[in-house]
Structures are given as C-alpha cells and as structure tokens.
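One letter stands for each residue in the lines below.
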Amino acid sequence: MAIPPGSGLRARDPLTSNGGGRGPIPVDYDWGGGDHRGGGDDDRLPSYPERLKRARFAVYIVLASIVMLFVGFSSLMLARRTGGRYDAATSNFISDWTPVPLPIQLLLLNTAILALSSFTLERARKQARRRVALLGLHVPGVSLGREINFPWLGATLVLASAFLYGQYRAWDLLHRHGVYLGTMISSSFFFILTGAHAAHLFAGMSALAYAGIVACLRRAPENYRLVLDATSVFWHFMGILWVYLLALMYFGGA
C-alpha cells in the first residue's frame, strides 16, 4: 500500500522488520562474540585476525626469552666442553669432560612422539576452523561429520604426556647407571637442558588443556580456535628446540 507524502509514516524494511511476529532476520553473524544491535561497546571489539595477531605477538616475546635462555646454556656447555684444567707436570690442559651415556634409542622415540604431536595439533586447528565455519551456517540437521568429531586435541595431549613420560624414563635409566645431576659436569647440563625443555612443554600442554576446557564448556568457538592458533606456534617451536638439543647433546658430547 502506498504511503501518502507528508504523512510522517515510514515503510518497514522487510529484511529487518519484526512484523508478523517472526522476529528480525539476521543479515550477518560474527563468531567473535560481538553484538550487532548497534550502539554498544561490543561493536568496538577487535576482529579475530587482530586478536590472533596480538596473541601471537605475546607468544613471540615468550619464545625470544626461551631462545636467549637456551642459547646461554648451549654456549656455556660448549665453552666448558672445550675447557679443562692445567697440568703443571706436563704443561698441558687436561679435559675433565666425561660424556653422558645417552639412551639414544629412547630419545629418538621421544623425538618421533613429539613430531607426531605437532601433526595432531595441526589437525586440531583445521578441525576448529571447520567447526566454526559449519556452526556459523545455522543450518538445522546438518551433520558436522566424523572428521570433526575426532579428538585431535586429546590425541595431542596424550602424545605430549607420552613424551614427558619418555623423558622421565630416560632420566631413570641414567639414575640406574649411577648418573645424576651432580655426578659430572656433562650430566648436569643434560638434566638442566632436558628438564627446562620439559617444563616449557608442560606449559604448552596447560594452554592446550585450557582450550579443551573452553570447548567442553561450549564457549564461543572462536576462543577455542584462538588458543589453538596461538599455542601452535609455541608447540612447533618446542619440537624444533628439542631436535636442536638432541643434536647438541649427541654431537657436543653431553
């Protein structure tokens, strides 16, 4: 029906009107948690790429401190490895460095387990992206599929726990051979380096466990995805760091 000019009446927009009791028809939906009704503070929330950029920047700062820590330990180890004591009788420097009998097979198995955990974490990230995309469609009766229901994050935590247990087994094997933290200089570096790596890996596990809790509580899917995307950088770095430490201890004579 046409509205006479000058009547002060206004035609309703069929796309946004709640006429007929059907309620407003959503034009867009943002899984970032914002409310698009307008006029609220939530309109100023950063987008997901901006939130991820900030989270990864914080991770990079943490990684920089970890790099400096392990570079310091590595430099000190190599300097001590090439040093020794001066023998006045022979006028020579005698090395007092005794290599640690590394359980190399067990350490290589641990390396494979940690590498596999990086793969499962990437699958969990892909799963999170797909879950957000499918839930955003709001199509009733659409199955999320078997792939999206596989517990990739749980598999990552299980593999990480297996890696830490493998590290404990390596330490226990050395203890059975009479090698402890204070037995010799090389064993001190071995336990310090592997222990520090295990502590940082456990911190990464805590972040992944938090992501799992967020998913179980059915919070905003973007929050779950954000934790996985940010933590994955830290996790892959820990895998690379472990390979470096293993090479350092094997070829450096730890």
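Placed above this text is the structure.
Before going into details, it helps to say that this report is about the structure given with it.

Rules behind the numbers
Residues numbered from 1 in each chain as written. Predicted model: local features only at pLDDT ≥ 70, side-chain atom pairs only at ≥ 80, totals over all residues. Heavy atoms only, no water. Helix = DSSP H or I, 4+ residues; strand = E, 2+ residues; numbered from the N terminus. Buried < 20%, exposed > 50% of the residue type's maximum accessible area, 1.4 Å probe, protein only. Contact = heavy atoms within 4.5 Å. Salt bridge = Lys/Arg side-chain N within 4 Å of Asp/Glu carboxyl O. Core = buried A, V, L, I, M, F, W, Y, C linked by side-chain atoms within 4.5 Å. Phe/Tyr/Trp six-rings, centres within 6.5 Å; stacked < 30°, edge-to-face > 60°.

### With respect to the environment of S232
Working step 1: Position of S232 relative to the elements: it lies in helix 6 (residues 221-251).
Working step 2: With a relative accessible area of 1%, S232 lands in the buried category.
Working step 3: Residues S232 and V59 lie 173 residues apart in sequence; the distance between their C-alpha atoms is 9.8 Å.
Working step 4: Residues within four places of S232 in sequence aside, it is in contact with L121, E122 and R125.

### A closer look at the environment of V227
Working step 1: Within the element layout of this structure, V227 appears in helix 6.
Working step 2: In this structure V227 comes out as buried when scored by relative accessible area, which is 16%.
Working step 3: Between the C-alpha atom of V227 and that of R56, which follows or precedes it by 171 residues, the distance is 9.8 Å.
Working step 4: With residues up to four places along the chain from it excluded, the contact list for V227 reads A207, Y210 and A211.

### Description of the pattern of salt bridges
Working step 1: Overall, the coordinates contain six salt bridges when judged by the stated rule.
Working step 2: The partner of E122 in a salt bridge is R125, and the shortest N-O contact between them spans 3.0 Å. With E122 and R125 both in helix 2 (residues 104-135), this residue pair falls three residues apart, about one helical turn.
Working step 3: Residue class for E122 comes out partly exposed when judged on its relative accessible area of 29%.
Working step 4: We classify R125 as buried; its relative accessible area is 14%.
Working step 5: Here R225 and D229 are joined by a salt bridge, their closest N and O atoms 3.6 Å apart.

### Describing the nonpolar core
Working step 1: Judged by nonpolar contacts, the single largest core of 46 residues is most densely connected at F70, L107, L153, F190, Y224, L228 and W235.
Working step 2: Only helix 1 (48-82), helix 2, helix 4 (152-176), helix 5 (185-216) and helix 6 provide two or more residues apiece to this core.
Working step 3: By residue number, the principal contributor to this core is helix 6, which donates 13 residues.
Working step 4: Leave out the neighbours within four places in its chain, and Y224 touches Q127, A128, L153, A211, V214 and A215.

### Structural notes on the side chain of T231
Working step 1: With respect to the helices and strands, T231 occurs in helix 6.
Working step 2: Apart from the residues lying within four places of it in its own chain, the contact partners of T231 are G204, A207 and L208.

### Here we look at the packing of aromatic side chains
Working step 1: Tallying each qualifying case throughout the model produces seven aromatic pairs.
Working step 2: Between W97 and F189, the aromatic rings sit 6.1 Å apart at their centres with planes inclined by 35°, giving tilted as the arrangement. In this pair, W97 is assigned in the loop between strand 2 (92-94) and helix 2 and F189 in helix 5, connecting sequence segments 92 residues apart.
Working step 3: The interplanar angle of 85° and the centroid separation of 5.4 Å between the aromatic rings of F163 and W242 together place this pair among those described as edge-to-face. With F163 in helix 4 and W242 in helix 6, this residue pair connects regions lying 79 residues apart in the sequence.
Working step 4: Judged by its relative accessible area of 0%, F163 is buried.
Working step 5: Looking at W242, the relative accessible area reads 0%, which means it is buried.
Working step 6: What links up through ring pairs into an aromatic cluster is the set F119, F150 and W152.

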